[in-house]
Structures are given as C-alpha cells and as structure tokens.
Amino acid sequence: MSTGDGVAGRWDGVDIHFGEEGGRLTYGSYLRLAELLDQQRLESDPPAHDELLFITIHQVYELWFKQVLHELTASRDAMLSGELWLAEHLLRRVHTIERTLTQQVDILETMTPQDFGEFRHRLSPASGFQSVQFREIEFLSGAKDPSFVKRFRGLTETEKARLGQRLEAPTLWDAFLVVLGKAGFATDTEDDVRDALRKVAGDRGHYGAVWELAEALVQHDELAAAWRARHVVMVERMIGTKPGTGGSSGAGYLRSRLDLRYYPLLWDLRSSL
Ligand code: HEM
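Since the model is a prediction, treat every value here as computed from it, not as a measurement.

1. Some thoughts on the coordination of the iron atom of the ligand
For a metal with four donors in a tetrahedral arrangement, the ideal angle between donors is 109.5 degrees, while six donors in an octahedron ideally sit at 90 or 180 degrees. For the iron atom of the ligand, the sole protein-derived donor is His231 (NE2), lying 2.2 Å away. By secondary structure assignment, the location of His231 is in helix α12 (residues 204-239).

2. A look at the pattern of salt bridges
Tallied over the entire structure, the rule returns 19 salt bridges. With its nearest N and O atoms 2.7 Å apart, the salt bridge here joins Glu190 to Arg194. Of the two residues, Glu190 and Arg194 are both situated in helix α11 (residues 190-202); the distance of four residues between them amounts to about one turn of the helix. Overall, the relative accessible area of 47% leaves Glu190 in the partly exposed class.

3. Looking at the domain arrangement of the protein
Its domain assignment divides the protein into domain 1 (1-38) and domain 2 (50-272). Here the C-alpha centre of domain 2 lies 38 Å away from the C-alpha centre of domain 1.

4. Regarding the site of the ligand
In the neighbourhood of the ligand, 26 residues make up the surrounding shell, with Ser127, His231, Ser248, Tyr253 and Arg257 lying closest. The backbone of Gly247 places a nitrogen or oxygen atom 3.4 Å from an oxygen atom of the ligand. Elements represented by at least two residues in the shell around the ligand include exactly α3 (51-80), α7 (132-141), α12 and α13 (251-256). Sort the elements by how many residues they give to the shell around the ligand and α12 lands first, with five residues. The residue makeup of the shell around the ligand, split by class, is 14 nonpolar, 10 polar and two charged.

5. Focus: helix α10 (residues 172-182)
Within α10 the residues assigned to the buried category are Leu172, Trp173, Ala175, Phe176, Leu177, Val179 and Leu180. The secondary structure elements touched by the buried residues of α10 are α3, α4 (84-103), α7, α11, α12 and α14 (264-271). Where α10 ends, the next residue or the one after it, Gly184, has phi of about 105 degrees, a positive value.

6. Some thoughts on the environment of Gly246
Inspection of the secondary structure assignment puts Gly246 in the loop between α12 and α13. Distance in space between the C-alpha atoms of Gly246 and Gly205 is 50 Å, their sequence separation being 41 residues. If sequence neighbours within four positions are ignored, Gly246 has contacts with Pro125, Ala126, Ser127 and Arg153.

7. Describing the nonpolar core
The biggest cluster of nonpolar side chains holds 71 residues, and the ones touching the most others in it are Met79, Trp173, Phe176, Leu180 and Leu197. Element by element, the count of residues in this core is highest for α12, at 15 residues. When near neighbours in sequence (up to four residues on either side) are disregarded, Leu180 contacts Phe185, Thr187, Val193, Ala196, Leu197, Val200 and Val210.

About the criteria used
- Residues numbered from 1 in each chain as written.
- Predicted model: local features only at pLDDT ≥ 70, side-chain atom pairs only at ≥ 80, totals over all residues.
- Heavy atoms only, no water.
- Donors = N, O, S within 2.8 Å, 3.2 Å for Na, K, Ca; no water.
- Helix = DSSP H or I, 4+ residues; strand = E, 2+ residues; numbered from the N terminus.
- Salt bridge = Lys/Arg side-chain N within 4 Å of Asp/Glu carboxyl O.
- Buried < 20%, exposed > 50% of the residue type's maximum accessible area, 1.4 Å probe, protein only.
- Domains from an automatic or database assignment.
- Near = heavy atom within 4 Å.
- Polar contact = N/O pair within 3.5 Å; in protein donor to acceptor, adjacent residues only side chain to side chain.
- Nonpolar A, V, L, I, M, F, W, Y, C, P; charged D, E, K, R; others polar.
- Contact = heavy atoms within 4.5 Å.
- Core = buried A, V, L, I, M, F, W, Y, C linked by side-chain atoms within 4.5 Å.

Listed below in structure tokens is the structure:
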C-alpha cells in the first residue's frame, strides 16, 4: 500500500512505513559514506592522477579481506561443530570473492609504469607485504609462519595481537582434521590422514559431504595461488625487476611464494587417484 511519500506494510508483525522513519537512517548514514569516502588521501603533491585508483583498489582489497576473514572463520567454526553444509556454503562464497580479487588486477593494470612512477617514490617503505589481513588469511587457511610477524615493520599493538591470535587459533586444516576424525578416521600421523583422504575419495557415496568440503578447500587453495600468480605478473609489468617498496627483491621474492599450498596432502592425493 502506498501512502503519499512512503510505502506502508507489516513485516514480521511490525508496522513499517518506508520513507517515513523520521530520517533515523539514510543510505549514507547506514554505510558511513562520509567517513568512507573521506579516506582516500593522496601522498603526491601536485596530485598524480592515478594515485586515487591505487588507493581505492587497495582499500577495496582490504574490505574484501575483512569479509573473507569473516567467512573463513565461520567456515572453520562450522567444521568444528559438524555443520559441513554450512562450512562448504561459506567457502563457496569465499571462492567468488577470491575470483573477484584476481580480476580486479585488470583495473590496476590500466595504470602505466610511467604514471605509477609519478608517485611510487612516495610510498616507500609501505607495501602490500604489510597487509595484516592478508597474512591473517594465510594463517587461518593453514600457512602459519611466525617469521612474518617479526618481519612486519610498523605493526600496531592491536595488529600484533590479531596476528598472534591467528597463530594460536585452529586453522581450516585443523578443523578439517576434526571432520575426518568425526567421520571415523584416525588422523594422528600424516600417513593416517593420507589413508583417510584416499578412503573418502574412494567412497563418495558414503563420505560425500566430507569429499565436497575437501574439494572446497582445494578450490580456496587454487584461487589463492591464482591471485599470487596474477599479482607477480602485474608487478613485473609495473616495475620489472626493481626491488619492492617493502624492501624485498620484488618479483623475485613474489615468485618464491608461488608454490605455497595450504593443503599439500589434498594435492598429493591427486597423484594416487
Ligand atoms: C602497482 C601495483 C603493485 C605493485 C607494483 C606491487 C608490488 C609488490 C611487491 C614488489 C611486493 C613484494 C614486497 C615488497 O618488497 O614490497 C608486493 C607484495 C604484496 N602485495 Fe603488491 N603490488 C601492487 C599491487 C598490489 C595490490 C592491489 C594488492 C592488494 C592488496 C597487493 C598486495 C600485496 C601483498 C598481500 C603482498 C605480500 C605478498 C606475499 O608476502 O606473498 N599488491 N607487492
């Protein structure tokens, strides 16, 4: 039913008059747009045209990283509580975000090395290497490496605590081992786990939910690897063999990380199927 300047109706027993909420909430206030859109501060002076794109794209990545952490944490917890369907559902959402993250590199590549060069010298020693959320995703996924915390420059106490908690907390792989245990498999040794994975793969009629979850983990792993591969090629296109602003060798360092896999046993399994 329409009422002049709004739409009225009952939802869940509550009278709602859209457009007549007394201005309590607006699109802008709900999304905190004034604050959000005020966070793109250029370092270049006079302003380099492409720096806004560079800042925006990194901020968008960080927002998605926040969402990915939210989903991966819930997926791990769903595995721990035996809700395999929910764990898989959330991982599938993460896959979609991860595909978007890789595609976004295309937008940044519309920036030329010359245009990047106008402001790149202003960025050092800041670098994506210092992305706390990126490292949290790696730790939560299964690649815990405390040396990254030591190598971080300029961590705030809150960030250090967050990374510390991720290093302590169970990973997705730990949770998957709990799933295997509840399905009746021993998981004490690596050979136990290999054996369990072969049995799950060989009897999908019986272990279908566990198999699908394992596949969703492999997909997460593959999409993370795809991002790393896409990022390093973009880096080579932008800065060639120059060192990174974070102080690493640049593309050489990034290439050394391409073989990282969160779930090596799930990949090994392929060779025996
Ligand atoms: C012009 C574009 C970019 C260039 C030239 C670039 C360059 C680099 C380089 C050289 C490194 C190695 C560390 C260092 O010494 O700085 C690095 C690491 C990293 N960058 Fe980028 N990057 C770019 C865009 C992005 C974007 C858009 C993201 C999205 C968040 C990102 C995230 C990361 C992350 C997470 C690392 C750490 C990777 C790891 O340790 O495995 N970078 N980047």
